[in-house]
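One letter stands for each residue in the lines below.
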Amino acid sequence: MVLVPILWTLYIGTTDERATRRETSFVGLDNYRSLLDDQTFRHSLENTVVITVIVVVLTNLLGIAIAMLLSGQGRLYSLLRSVYFTPVILSSVVVSVIGRSILADKGLLNSTLASLGIENPPGWLTDPSYAIYSVSLVMVWQTLGFAVVVYLAGLAGIPVELEEAASLDGAGPWQRFRAITWPMLAPALTINTVMLMISSFKVYDQIAVLTNGGPGTDGTATVAFDVVRTAFSEQRPGMASAMAGIMLAVVSVASVTTLRLLQRREVNL
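Remember, predicted model here, so these are calculated numbers, not experimental data.

### Quick word on helix H12 (residues 223-233)
Turning to step 1, where the next piece is worked out: Turning to H12, its buried residues are Val-223, Ala-224, Phe-225, Asp-226, Val-227, Thr-230 and Ala-231.
Turning to step 2, where the next piece is worked out: Directly after H12, the chain includes Gln-235, whose backbone phi takes a positive value near 55°.

### A few points about the pattern of salt bridges
Turning to step 1, where the next piece is worked out: In total, this model carries four salt bridges according to the counting rule given.
Turning to step 2, where the next piece is worked out: Across the pair Asp-30 and Arg-33 runs a salt bridge whose closest N-O atoms are separated by 2.8 Å. Here Arg-33 and Asp-30 lie together in helix H2 (residues 30-36), a separation of three residues that amounts to about one turn.
Turning to step 3, where the next piece is worked out: The class of Asp-30 is partly exposed, set by a relative accessible area of 39%.
Turning to step 4, where the next piece is worked out: Where Arg-229 meets Asp-226, a salt bridge forms, and the shortest distance between an N and an O atom there is 2.2 Å. Taken together, the residues span about one helical turn, with Arg-229 and Asp-226 both in helix H12 at a distance of three residues.
Turning to step 5, where the next piece is worked out: A relative accessible area of 24% means that Arg-229 is categorised as partly exposed.
Turning to step 6, where the next piece is worked out: By relative accessible area, which is 2% here, Asp-226 ends up buried.

### Looking at the packing of helix H5 (residues 92-103) against helix H6 (residues 108-115)
Turning to step 1, where the next piece is worked out: For the pair H5 and H6, the least separation of the axes is 4 Å and the interaxial angle reads 20°. With respect to H6, the element H5 is oriented roughly parallel. Where H5 approaches H6, its residues Ser-101, Ile-102 and Leu-103 are matched on the opposing element by Leu-108, Leu-109 and Asn-110.
Turning to step 2, where the next piece is worked out: By residue class, the composition of the contact of H5 with H6 is four nonpolar, two polar and no charged.

### What to know about helix H4 (residues 75-89)
Turning to step 1, where the next piece is worked out: Taking 1.5 Å per residue as the helical rise, H4 with its 15 residues ought to reach 21 Å, and the 21 Å between its terminal C-alpha atoms agrees with that figure.
Turning to step 2, where the next piece is worked out: At Val-83, H4 shows its maximal kink, close to 25°; a proline, Pro-87, follows between one and four residues later.

### Here's the deal with the nonpolar core
Turning to step 1, where the next piece is worked out: Counting 37 residues, the largest nonpolar core has Leu-35, Phe-41, Ile-51, Val-55, Ile-207, Val-227 and Met-243 as the members making the most contacts within it.
Turning to step 2, where the next piece is worked out: Those elements that provide at least two residues to this core are H2, helix H3 (39-69), H5, helix H7 (131-156), helix H10 (186-201), helix H11 (205-210), H12 and helix H13 (237-267).
Turning to step 3, where the next piece is worked out: With nine residues, H13 is the single largest residue contributor to this core.
Turning to step 4, where the next piece is worked out: Look past the residues within four positions of Val-227 in its chain and what remains in contact with it is Ala-240, Met-243 and Ala-244.
Turning to step 5, where the next piece is worked out: Ile-66, Leu-70, Val-150 and Ile-180 belong to the second-largest nonpolar core, a separate cluster that totals 20 residues.

Calculation criteria
- Residues numbered from 1 in each chain as written.
- Predicted model: local features only at pLDDT ≥ 70, side-chain atom pairs only at ≥ 80, totals over all residues.
- Heavy atoms only, no water.
- Buried < 20%, exposed > 50% of the residue type's maximum accessible area, 1.4 Å probe, protein only.
- Helix = DSSP H or I, 4+ residues; strand = E, 2+ residues; numbered from the N terminus.
- Salt bridge = Lys/Arg side-chain N within 4 Å of Asp/Glu carboxyl O.
- Axes fitted to C-alpha atoms, helices over the stretch in contact; angles between N-to-C directions.
- Parallel < 35°, antiparallel > 145°, perpendicular 65-115°, else oblique.
- Contact = heavy atoms within 4.5 Å.
- Nonpolar A, V, L, I, M, F, W, Y, C, P; charged D, E, K, R; others polar.
- Expected span 1.5 Å × (residues − 1).
- Bend = angle between axes of the 7 residues up to and from the residue.
- Core = buried A, V, L, I, M, F, W, Y, C linked by side-chain atoms within 4.5 Å.

The structure is reproduced here in structure tokens:
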């Protein structure tokens with residue numbers, strides 16, 4: 001169910017298969033060489049890396065902060081946890097439509113800024129200087145609830161005795177966080193980082209709904225977006241499969257490397 005489609009995709013990536021003709025020839029690594037020299041594909045790979053870094057870093061930082069604020073007991077805390085987790089259970093398309101209604105040129109955010117006296121609000125989705133960061137923030141909003149839940153589980157596993165002992169020794173909140181909370185959250189950090197990295201590398205829905213790869217020429221296009229466009233719009237499944245093969249290699253190396261580095265930190269606690 002997993003291995004056969006991967007191997008079949010890698011095989012198609014070594015052919016010049018097109019949907020508009022029946023004849024298919026084996027071209028070896030020519031597709032991969034062409035992609036490495038293709039400025040458009042390299043730009044899409046750069047966009048993917050930028051989005052991944054923003055989502056991983058920002059979601060982890062906000063996730064830890066919010067989890068610590070919501071670690072208390074009571075109905076209000078339970079309600080707030082549910083509120084933060086709601087975007088996780090929504091479809092990516094639904095979340096993106098909501099984000100577009102907020103970030104559009106005449107959307108909720110710019111209407112609010114205009115009412116405050118700002119004459120020319122930024123084009124959050126139409127200005128190349130802002131678009132990729134706007135898409136990243138929508139993804140952070142959707143994935144934040146998952147990160148919060150994982151960190152809440154990590155916080156619940158920290159022995160209360162450690163916090164009490166540190167307080168009796170005169171340790172302040174920052175000292176307790178640095179010496180106890182942060183090291184004990186290492187497994188939660190590993191889970192969140194790897195999961196966020198994988199989901200960000202294969203982002204497609206948010207790009208298609210929010211910007212459709214723009215603004216301009218491939219302003220926010222990612223590798224996954226290029227794969228779908230090349231396979232179905234341009235009808236070149238051979239080249240699209242080669243793109244998918246490169247994305248698979250990049251995601252695999254990045255995920256395994258990150259997992260081993262973070263797990264080594266867990267062992268060294």
